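# Structural features, examined
Residue-level listing of the chains:
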Amino acid sequence: MVPHLITALTGPINELEQRVLDSMPAIERWFRLEWMEHTPPFYTAVDIRNAGFKLAPVDTNLYPGGWNNLTSEMLPLAVQAAMAAVEKICPEARNLLVIPENHTSNTFYLSSVLQLKRIFHMAGLNVRIGSISPDIKQPTTVALPGGESITLEPVIRTKNRLGLKGFDPCTILLNNDLSAGTPGILEDIHEQYLLPPVHAGWSVRRKSRHFQSYEEVAKRFGKVLGVDPWLINPMFNKCGELDFAQDAGLDCLTTNVDALLAKIRKKYKEYGINEKPFVVVKADNGTCGMGIMTVRDVKELDALKHKPKTKMGSAHHGQPVNEVIIQEGVLTNERMNDAVAEPVVYMMDRYVVGGFYRVHADRAVDENLNAPGSRFVPLAFAESTRLPRPGVAPGASAPNRFYMYGVIARLAMLAASYELEATDPDAEIYD
């Protein structure tokens, strides 16, 4: 059942939706041509914000958890996409090793890993879960909510291969974002397919590089639609060499926040938008909802000089925040009952396979929702991404919006493919 969306049914975003629907053949052809030239990430999750006047991605995850939020109705799409992805990479694949994050106490996360195992098992593979955590020294079974369980086994390294005792996979699926760096056990693997590649991890990846690629994609896509790319693109700046503990680099932060707020005000004036602009300051190398700050006025940054820096001082796995992306804040106009919500779209290979709403009752429309207290409401994207209804009045059909979400998510996924090509350490071999 699709939740009721309390979203403005008039205004520019609906004109944009109608243009997308009217241009659907051109859009799908454009994507097909792009995928002939570029390889999509193996799997992707994209957080999207719908401001009513603007619709844009705000985060792109290349090691998505949360697969347990996909309903059973979505699984056939995920299985089909998994089959396509595996067939393209390793048609003779028989065994798949999934390497999750190291934390073993988060049963919600482990339920997501179990769902991934289920998807690839239904895609015709033998699947086992191998942990690189030093705490896993023997097969360990963890009980999960709902009466299920998952078994984690210690990964064994032999020369250039990874495996488990009595299990030799040809393909390894990482569900570990490598925020703490790339462990030696994952380096120099040449005889197996490692998906995604280690340079997709946060030890290499930067949000600013991703959104630079997305800006390029948005400009090209804007020409296809004949629209201002800003309607689908969050502007950004970045600052490096920050040290919140020592108050170092805060002048750079202040200057860039001020400049971006000015650019947003100019756009709001151009479009007659009577909202207060804001920016979101995030760690540039992955957050998991940590190290995030909403800034509505540059004067708010003065408080950083006089308060403890725990909020911005560290990100995932306690990594220090020395680089930040300053991103144009996009309001969310979506609601689940009275709670603020934002859609998260899940993809595998180049296909949209499902999604959910992240809902937070205690957050405002201009705040980060990926925080303690959030909950997840599943949404099936099967009909909405494949069967949009051209000719229906803007805003009158729920699938219209979901098709639009799928388009925006795929644009972010395409940007991620550009990004991975640009950071591929082996790319020069093929030049």
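In case you missed it, the structure is sitting above this.
## Section: the packing of aromatic side chains
What the rule picks out here adds up to 14 aromatic pairs. Ring plane angle 65° and centroid distance 5.4 Å describe the contact between Trp30 and Phe31, whose orientation is recorded as edge-to-face. Taken as a pair, Trp30 and Phe31 share a single burial class, namely buried. With a centroid separation of 5.8 Å and an interplanar angle of 70°, the aromatic rings of Phe42 and Tyr43 are classed as edge-to-face. Neither Phe42 nor Tyr43 differs from the other in exposure class; each is buried. A connected cluster of aromatic rings, assembled from ring pairs, spans Phe42, Tyr43, Trp67, Phe108, Phe120, Tyr346, Phe356 and Phe376. Here the basic side chain of Arg410 rests over the ring of Phe31, its NZ or CZ set 4.5 Å away from the ring centre.

## Describing the state of the cysteines
Here the structure, examined in full by the defined rule, presents 1 disulfide. Disulfide pairing is shown between Cys239 and Cys252; the S-S distance is 2.4 Å. In this structure the cystine formed by Cys239 and Cys252 twists about its S-S bond by roughly -105°; its chirality is therefore left-handed. Here Cys252 lies in helix α6 (residues 250-271) and Cys239 lies in strand β11 (residues 236-239), a separation of 13 residues in the sequence.

## What to know about the layout of surface pockets
Here the largest pocket defines a volume of roughly 1,200 Å³. At the level of secondary structure, the elements contributing two or more residues to the lining of the largest pocket comprise α2 (24-37), α3 (75-89), β10 (193-195) and α9 (398-423). Among the residues making up the lining of the largest pocket, the classes are represented as 20 nonpolar, 6 polar and 8 charged.

## Quick notes on the pairing of strand β3 (residues 95-100)
The element β3 is largely enclosed, with a buried count of 6 among its 6 residues. Taking every second residue as pointing to the same face, both faces of β3 are buried, with Asn95, Leu97 and Ile99 on one and Leu96, Val98 and Pro100 on the other. Once the chain exits β3 it traverses helix α4 (residues 107-122) before rejoining the sheet at strand β4 (residues 126-131), and the crossover so formed is right-handed. Pairing of β3 with strand β9 (residues 171-175), which is carried by 5 bridges, proceeds in the parallel orientation. Across the sheet, Leu97 pairs through a bridge with Ile172, a residue of β9.

## Thoughts on the environment of Val257
Positionally, Val257 belongs in helix α6. As for Val257 and Val279, which are separated by 22 residues in sequence, their C-alpha atoms are 7.2 Å apart. What Val257 contacts, discounting residues up to four positions off in sequence, is Val279, Val281, Val295, Val298, Leu301 and Ile326.

## A look at the environment of Arg205
Tracing the sequence through the fold places Arg205 in the loop between β10 and α5 (207-225). On the basis of relative accessible area, Arg205 is assigned to the buried category, the value being 3%. A sequence separation of 218 residues divides Arg205 from Thr423, and the C-alpha atoms of the two residues are 8.1 Å apart. Aside from chain neighbours lying at most four places away, what touches Arg205 is Thr60, Leu62, His199, Ala200, His210, Asp284, Asn285 and Glu419. Reaching out from Arg205, the side chain makes a polar contact with the backbone oxygen of Thr60 at a distance of 2.9 Å. Among the polar contacts made by the side chain of Arg205, one reaches the side chain of Glu419 at a distance of 2.7 Å.

## Considerations on unusual backbone geometry
Look at the link from Leu195 to Pro196: it is a cis peptide, with omega at -20°. Phi angles above zero are rare outside glycine, and Lys159 is one such case at about 50°. Under the relative-accessibility criterion, Lys159 is labelled exposed at 77%. Positive phi values are uncommon outside glycine, yet Asp188 reaches one of about 55°. By relative accessible area, Asp188 is classed as exposed at 51%.

Conventions used here
- Residues numbered from 1 in each chain as written.
- Predicted model: local features only at pLDDT ≥ 70, side-chain atom pairs only at ≥ 80, totals over all residues.
- Heavy atoms only, no water.
- Phe/Tyr/Trp six-rings, centres within 6.5 Å; stacked < 30°, edge-to-face > 60°.
- Buried < 20%, exposed > 50% of the residue type's maximum accessible area, 1.4 Å probe, protein only.
- Lys NZ or Arg CZ within 6 Å of the ring centre and 35° of its normal.
- Disulfide = S-S within 2.5 Å.
- Helix = DSSP H or I, 4+ residues; strand = E, 2+ residues; numbered from the N terminus.
- 1 Å grid on protein atoms, 1.4 Å probe; cavity = no way out; pocket = protein on both sides within 12 Å on 5 of 7 lines; lining within 4 Å.
- Points joined across faces, edges and corners; volume = space filled by probe spheres on them.
- Nonpolar A, V, L, I, M, F, W, Y, C, P; charged D, E, K, R; others polar.
- Right-handed = clockwise from strand over helix to strand, strands pointing away.
- Pairing = 2+ DSSP bridges.
- Contact = heavy atoms within 4.5 Å.
- Polar contact = N/O pair within 3.5 Å; in protein donor to acceptor, adjacent residues only side chain to side chain.

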